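Tertiary structure, described
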Amino acid sequence: MSVPVPPIFRLDCKAQSYDWGKIGSASEVARFASSSPAFTVDNSKPYAELWMGTHPSGPSTVHQSNKSLESVLAAHPKLVTPYFHERLHGHLPFLFKVLSIGKALSIQAHPDKELAQKLFRDHPDIYKDPNHKPEMAIALTEFEALCGFKPLDEIAHALDQWPELWALVGDEEAKAFQEAVQHSKIVEGIKGIKEGRQALRNLFKAVMTSETGKVQTELDRLIHRLESAAASHGPFKAQSQEEVILRIHSQFPGDIGVFCFFFLNYVVLHPGQAIFLAANEPHAYLSGDCVECMAASDNVVRSGLTPKFKDVEVLTQMLTYHTMASADQILTGVLCTPTGHSLMYDPPIEEFSVILTTLGHTNERERLRGADGPSIVIVTNGRGILRSEKHHETDPEVAEVTAETGNVFFVGANTPFSVEATSEEGITIYTAFATKPNKKDHFHH
């Protein structure tokens, strides 16, 4: 007979060191990872991502043991429910992360399930699994990103405003796009939307497939013009278009991705604000710290701001060319408990949702009903106690664990639990969880 496993137990999680991460203890990833005794911060090293889950590229283990979370879940189906166990055999349907971004990540999109299966079949050396990867980022600190295409009028205006962009695409393409945008407005319904999207596809592809020498010439002109203006009139204001362009170029000199700035929405998230990135939508994270949850995949199609392989052909074909104003890209959580201490971020997919619970001072308490699937909790600030509840004879014994900044816990399916603050600064936790389809309201009271 197997030894009972508590319904809440602590995990040790893998810190990933990528070139774009924040350096040493300036990184939230390093700060959180250092709550595990085995981890020591190297102040010369970038710490980019903390992976919480069962993904084989960075699997979590039970705290201070060599037991993988996957092996524990595979041996104890009740922790994830038979529904998830039969489908995933010990894996979680989501991957939870913390990201600390020192310099821009690549401009990328994640394939939908159908395309992911094809890419994995045709190029398994580049695309590592057959799953889609919708994702959601919730800001821990001020967080800059490019996400989704700007409204067509804004892109048409950018052609007039930035002569280097016009020169890169050429008179014919630039005029054709502006005329198509005007025409799409007078065509009713879906036909007008399709015309606008086709015009955007043509323009974006013209930029992304431009001849390298031409890109370099126009980029040099753009940067020289902006640097001259800064030299004459003083530095550009932080987070202005000009400042962001110069910053991205300084990180990736000569990269075509700089021109994507004219196509994609630039957003600045404040802590607690979020963006959801559906499959086949372009995005790039520029700076800051966030928690991120995604379907359990590592598939990325890149097109710029990267020294890695750029699959421009696949990227320009796969994008939806859906446009949206930058303000509409930003999500906020919805209150989901009677106390008002918890916000639910519930994207339009079945793999995951996230709850942010904030307790402001000692002894403040919140109760979460528990999901009918597995959960992972990370403490991002403060200190407290997590405590499971026992309502029936057959329920596991009550688990009570001390929780401090950086600690990560697994919470079994159907485990109601409370969090209580034990420090003056209170405690903040993020809980990522999965539920069976059509059960997303399970956390609400």
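Below, the structure is looked at part by part. Computed from a prediction, not measured in an experiment: that's the story for all the values here.

This part covers the environment of I223. The residue I223 is located in helix 8 (residues 212-233) in this model. For the pair formed by I223 and K175, sequence separation is 48 residues and the distance between their alpha carbons is 24 Å. Filtering out sequence-adjacent residues up to four positions away, I223 remains in contact with I245, L246 and H249.

With that settled, consider the side chain of Q329. Structurally, the position occupied by Q329 is in helix 11 (residues 326-329). Polar contacts involving the side chain of Q329 include one to the main-chain carbonyl oxygen of C147, which spans 3.3 Å. Excluding residues that lie within four positions of it along the chain, Q329 makes contacts with C147, G148, N265, V267, A274, I275 and M324.

Counting 55 residues, the largest nonpolar core has F177, F262 and F263 as its most contacted members. Among the elements that line this core, the one with the most residues is helix 6 (residues 163-186), at seven residues. Those residues in contact with F262 that sit more than four places away from it in its chain are K150, I155, A158, W162, L165, L222 and I245. Among the nonpolar cores identified, the runner-up in size contains 40 residues, and Y47, Y345, I376 and A432 belong to it.

A side chain of one charge can pair with a side chain of the opposite charge when the charged atoms of the two come close. Taken as a whole and assessed by the stated rule, the structure comprises 14 salt bridges. One salt bridge connects R247 with E144, and the closest N-O pair in it is separated by 2.8 Å. Residue R247 is located in helix 9 (residues 241-251), and its partner E144 is located in strand 10 (residues 143-149); the two are separated by 103 residues in the primary sequence. In this structure, E420 engages R387 in a salt bridge whose closest nitrogen and oxygen atoms are separated by 3.7 Å. Placement of E420 in strand 23 (residues 417-421) and of R387 in strand 20 (residues 375-388) is noted, with a sequence separation of 33 residues between them. A residue is classified by how much of its surface remains accessible, and R387, at 22% relative accessible area, is partly exposed. What you see here is one network of salt bridges that share partners, running through E144, E243 and R247.

Another point: the side chain of D372. In this fold, D372 is placed in the loop between strand 19 (365-368) and strand 20. Of the polar contacts made by the side chain of D372, one reaches the backbone nitrogen of K436; its length is 3.3 Å.

Turning next to the pairing of strand 5 (residues 49-52). Where burial is concerned, the two faces of strand 5 agree: the one with E49 and W51 and the one with L50 and M52 are both buried. Here strand 2 (residues 14-16) runs beside strand 5; their pairing, made up of three bridges, is antiparallel. Within strand 5, the position partnered with A15 by the bridge is L50. Here strand 5 pairs with strand 7 (residues 94-101) via four bridges, running antiparallel. The residue bridging L50 from the neighbouring strand is V98, located in strand 7.

About the cut-offs
- Numbering of residues starts from 1 in every chain and runs along the sequence as written.
- With pLDDT at 70 or above as the cut-off, local features in this predicted model cover only qualifying residues; side-chain atom pairs require 80 or more to be listed or tallied, and sums for whole chains, interfaces and linings still use all residues.
- Side-chain measures were taken over the full set of non-hydrogen atoms in the model, leaving aside hydrogen atoms and water.
- Secondary structure elements follow DSSP: runs of H or I of four or more residues count as helices, runs of E of two or more count as strands, with numbering from the N terminus.
- Two residues qualify as a contact provided that any one of their heavy atoms is within 4.5 Å of a heavy atom in the partner residue.
- Here a polar contact means two N or O atoms within 3.5 Å. Within protein one must be a hydrogen donor candidate and the other an acceptor candidate, and residues neighboring in sequence count only if both atoms are side-chain atoms.
- To define a nonpolar core, start from buried Ala, Val, Leu, Ile, Met, Phe, Trp, Tyr and Cys residues and group those joined through side-chain atoms within 4.5 Å.
- Three exposure classes are used, based on accessible area relative to the maximum for each residue type with a 1.4 Å probe and protein chains only: buried under 20%, partly exposed in between, and exposed over 50%.
- The term salt bridge refers to a side-chain nitrogen of Lys or Arg lying within 4 Å of a carboxyl oxygen of Asp or Glu.
- The pairing criterion is simple: DSSP has to find at least two bridges between the two strands.

Take it as geometry only, folks, not as evidence of what the structure does.
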